[in-house]
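Structure assessment
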Amino acid sequence: MHKNIVITGATDGIGLAAAKSIAKKDYNLILVGRNPEKGKNALETIISDTGNKNLDFFECDLSLVANVKDLSDKIKQKYSKIDVLLNNAGGANKTKQITTEGLEKTFATNQMNYFVLSTELLEIISESNDGRIVNVASNAHIGAEVDYENINSEKSFSAWTSYCVSKLMNIMFTYQLSSIQDKVSVNVLHPGFVDTNIAGNEGNFIKYIVKLGAKMFARTVDSGADSSIYLSTSDEVQNVSGKYFFKCREIKSSRASYNKEDWQKVWDLCNEYKIKLI
């Protein structure tokens, strides 16, 4: 029987590269993106490249908690079991943006999205004999600290700081979720500096950082997807959980990321917003 995998941010970049590779492994792919035209193109590309027609697409703006909850409900209505959730979608914003739900957009897209989708789908991922949640973070988290009084840039806004903090929260959320349940493996990864459209139309500064990193470290989109594919599909990590990977190998995340009190704080913060907004 085919395994079912949900991949967010699957219409371009690392997400699409991962989707194409995993499609060759005969999975049923459930792709999530905010642009239906790009979704249609992604499906056509995957079918053309792999011959796998077991594809589905859900349109969703993942920066809104209510939308992510609605997406989760739709997936659960259609699928009784999910084997893998690959939380890949993310972004960065040059300017301070507050969503209609009152959250700073980078935090909402990069962390709340992961939290809500993972916790809402956890039950049906637990139905798999090899349920996995894979979170794409970044080594940009190194040196970051979570200011709980400035989650939504109440005091100040920095595009780079906001992005780095969101990636640190991805890692702490991964560790916490892994520590409080044992039915599903939960791992997190650094894809490397890859020249993707992570900054969207938000322009120069973040795009410059990403492009500079990509040029310096020379990772292609395909190579940037390697750990996502590995953690999603490899038998080698079937019983591995609560770990951080780069180039398909376990590495250490920052010292700050191992503070268990902060794991709980991040969890409680996200859960409070989730309850409030859905």
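Our subject is the structure listed above.
Read on for a plain summary of the structure. (Residues numbered from 1 in each chain as written. Predicted model: local features only at pLDDT ≥ 70, side-chain atom pairs only at ≥ 80, totals over all residues. Heavy atoms only, no water.)

With that out of the way, let us pick up the sheet that holds strand β1 (residues 4-8). Strand order in the open sheet made by the eight strands is β3-β2-β1-β4-β5-β6-β7-β8, with mixed pairing throughout. In this open sheet, the two edge strands, each paired with only one partner strand, are β3 (55-59) and β8 (249-251). When the angles between neighbouring strand axes are averaged without regard to direction, this sheet yields 25°. Bridging between strand β7 (residues 244-246) and β8 involves three bridges; their strand directions are antiparallel. Across the sheet, Phe 246 pairs through a bridge with Arg 249, a residue of β8. (Pairing = 2+ DSSP bridges. Helix = DSSP H or I, 4+ residues; strand = E, 2+ residues; numbered from the N terminus. Axes fitted to C-alpha atoms, helices over the stretch in contact; angles between N-to-C directions.)

As a further point, take the nonpolar core. Judged by nonpolar contacts, the single largest core of 82 residues is most densely connected at Ile 7, Leu 29, Ile 75 and Phe 107. A per-element tally of this core places helix α4 (residues 105-125) first, with 11 residues. In contact with Ile 75, other than residues within four places in its own chain, are Val 6, Phe 58, Ile 82, Leu 121 and Ile 124. (Core = buried A, V, L, I, M, F, W, Y, C linked by side-chain atoms within 4.5 Å. Buried < 20%, exposed > 50% of the residue type's maximum accessible area, 1.4 Å probe, protein only. Contact = heavy atoms within 4.5 Å.)

The next point concerns the packing of α4 against helix α9 (residues 260-277). Where α4 meets α9, the closest approach of the two axes is 10 Å, and the angle between their N-to-C directions is 85°. Taken together, the axis directions place α4 and α9 in an arrangement best described as roughly perpendicular. Residues Phe 107, Gln 111, Met 112, Phe 115, Val 116, Thr 119 and Glu 120 of α4 lie in contact with α9, whose contacting residues are Val 266, Trp 267, Leu 269, Cys 270, Asn 271, Tyr 273 and Lys 274. Per-class residue counts for the contact of α4 with α9 are nine nonpolar, three polar and two charged. (Parallel < 35°, antiparallel > 145°, perpendicular 65-115°, else oblique. Nonpolar A, V, L, I, M, F, W, Y, C, P; charged D, E, K, R; others polar.)

The backbone phi angle of Asp 26 is positive, close to 75°, even though this residue is not glycine. When its relative accessible area of 43% is taken as the criterion, Asp 26 is described as partly exposed. Backbone geometry at Lys 247 places phi at a positive 55°, although glycine is not the residue there. Of note, Lys 247 is situated in the loop between β7 and β8. Given a relative accessible area of 47%, Lys 247 falls into the partly exposed group.

Quick look at the pattern of salt bridges now. For the structure on display, the rule yields 13 salt bridges. A salt bridge links Lys 69 to Glu 120, with the nearest nitrogen and oxygen atoms 3.9 Å apart. Placement of Lys 69 in helix α3 (residues 65-78) and of Glu 120 in helix α4 is noted, with a sequence separation of 51 residues between them. As a salt-bridge pair, Glu 120 and Lys 274 come within 2.8 Å of each other at their nearest N and O atoms. Separated by 154 residues along the polypeptide, Glu 120 in helix α4 and Lys 274 in helix α9 bring together distant segments of the chain. Counted as one network, the salt bridges with shared partners bring together Lys 69, Asp 73, Lys 76, Glu 120 and Lys 274. (Salt bridge = Lys/Arg side-chain N within 4 Å of Asp/Glu carboxyl O.)

With respect to the helices, strands and loops of the structure, Glu 236 is situated in the loop between α8 (226-233) and β7. Relative accessible area serves as the criterion here: at 62%, Glu 236 is assigned to the exposed category. Of note is the side chain of Glu 236, whose polar atom sits 2.8 Å from the side chain of Tyr 230. (Polar contact = N/O pair within 3.5 Å; in protein donor to acceptor, adjacent residues only side chain to side chain.)

With that out of the way, let us pick up the pairing of strand β4 (residues 84-87). Of the two faces of β4, both are covered, the one formed by Val 84 and Leu 86 as well as the one formed by Leu 85 and Asn 87. Taken together, the three bridges between β1 and β4 define a ladder with parallel strand orientation. Counterpart to Ile 7 in the pairing with β4 is Leu 86. Summarising the sheet, β4 and strand β5 (residues 132-136) pair through four bridges and their orientation is parallel. Considered in β5, the bridge of Leu 86 is made with Val 134. In terms of handedness, the path from β4 via α4 over to β5 forms a crossover that is right-handed. (Right-handed = clockwise from strand over helix to strand, strands pointing away.)

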